[in-house]
Amino acid sequence: IKLLTFSLFSLIMLTLSSCAVATVNADEELVFVEKPILFGSGGVDSEPLTSGSQWRWFSTDEVIFKVSPIQYEEEFKDIFTSDNTPINLSANLLLQIEKGSTPKLLTNFGEKWYDNNIQVQFVKYVRDEISKYPMKELTSKREIYDNVEMVVNEKVQQIIKDKKIPVNVLAVVVNRAVPKDDVMEELTRTAIQIQAQETQEQREKTESKREAAEVKRAQADKAYQREMSLTADQYIKLRALEIEKEKVEMIKNKQSVKINMLMGNGAQPIYDVNN
């Protein structure tokens, strides 16, 4: 009896020491890959662990997949636009594995299913679409990116459909292109030159308008002088009186100012200003 008890105890301990507990989180699925040591067939278990915990043999591998949306970001360096300007940008592809399909995904496409089946084509599609537009439009028109995202989305979905990959495309987001540093410096210099030229042209237009206004005013003064039969000295004195009248009109309601008029050879106002 003691020998039997000892043997059973040893068997139980051996069994327990050969097992482990596999656990998954709420947004994960775990796929068992069985590798029997002595007997039985191996391979991918067709039923994934979707919640809680489960005992497994130490010889059994486990592969965990996220079944919540996963964002894959790709960086693009030196994409040439349609006008041969190098730009940088990034693009994001949001994918989600179909729940319960992780064993199929592992069997047919492996753990690196995105890298091996989607990434290269996704990068190519983005690069091809962006290269259709000139740099100026890519840096100023957001609607271009909406169109690029739509086209790339459709093409990636077609790949997934053709290969029967059990994942869904949730979104494609292409971020705004940025010219390279040396290109940006050249654009800045060009913008400064254009602004300086526009400022100079505006200044010349303003001076030209002022000159034209002064010529017209001088012509009007001469016409008035001829019409009134005034000598140049008489006209100057008349204009001086008109200017003084304008001054009086400006300050006549101000209590702190007193005006005394000296009469003689023409009126000469004296302003007494009290602070």
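Throughout what follows, the structure given in this document is the object of discussion. These numbers were taken from a predicted model, which means no experiment stands behind them.

### Observations concerning the pattern of salt bridges
Oppositely charged side chains are able to pair whenever their charged atoms sit close together. Per the stated rule, a full pass over the model turns up 7 salt bridges. The residue Glu129 makes a salt bridge to Lys155 at a minimum N-O spacing of 3.7 Å. Placement of Glu129 in helix H4 (residues 119-130) and of Lys155 in helix H6 (residues 142-163) is noted, with a sequence separation of 26 residues between them. On the basis of relative accessible area, Glu129 is assigned to the buried category, the value being 4%. Between Arg142 and Glu149 there is a salt bridge whose closest N-O contact spans 2.7 Å. Linked through salt bridges whose partners overlap, the residues forming this network are Asp27, Glu28 and Lys66.

### A short note on the sheet that holds strand E2 (residues 28-34)
Taking strand neighbours across the sheet as the criterion, the 3 strands line up as E3-E2-E5 in an open arrangement whose pairing is antiparallel. A single partner strand is all that each edge strand has here, and the edge strands are strand E3 (43-44) and strand E5 (61-66). With 2 bridges connecting them, E2 and E3 associate as antiparallel partners. Following the sheet pairing, Glu34 is matched in E3 by Gly43. With respect to the sheet, helix H2 (residues 102-109) is in contact with E2, E3 and E5, its orientation differing from that of E2 by roughly 55°.

About the cut-offs
Residues numbered from 1 in each chain as written. Predicted model: local features only at pLDDT ≥ 70, side-chain atom pairs only at ≥ 80, totals over all residues. Heavy atoms only, no water. Salt bridge = Lys/Arg side-chain N within 4 Å of Asp/Glu carboxyl O. Helix = DSSP H or I, 4+ residues; strand = E, 2+ residues; numbered from the N terminus. Buried < 20%, exposed > 50% of the residue type's maximum accessible area, 1.4 Å probe, protein only. Pairing = 2+ DSSP bridges. Contact = heavy atoms within 4.5 Å. Axes fitted to C-alpha atoms, helices over the stretch in contact; angles between N-to-C directions.

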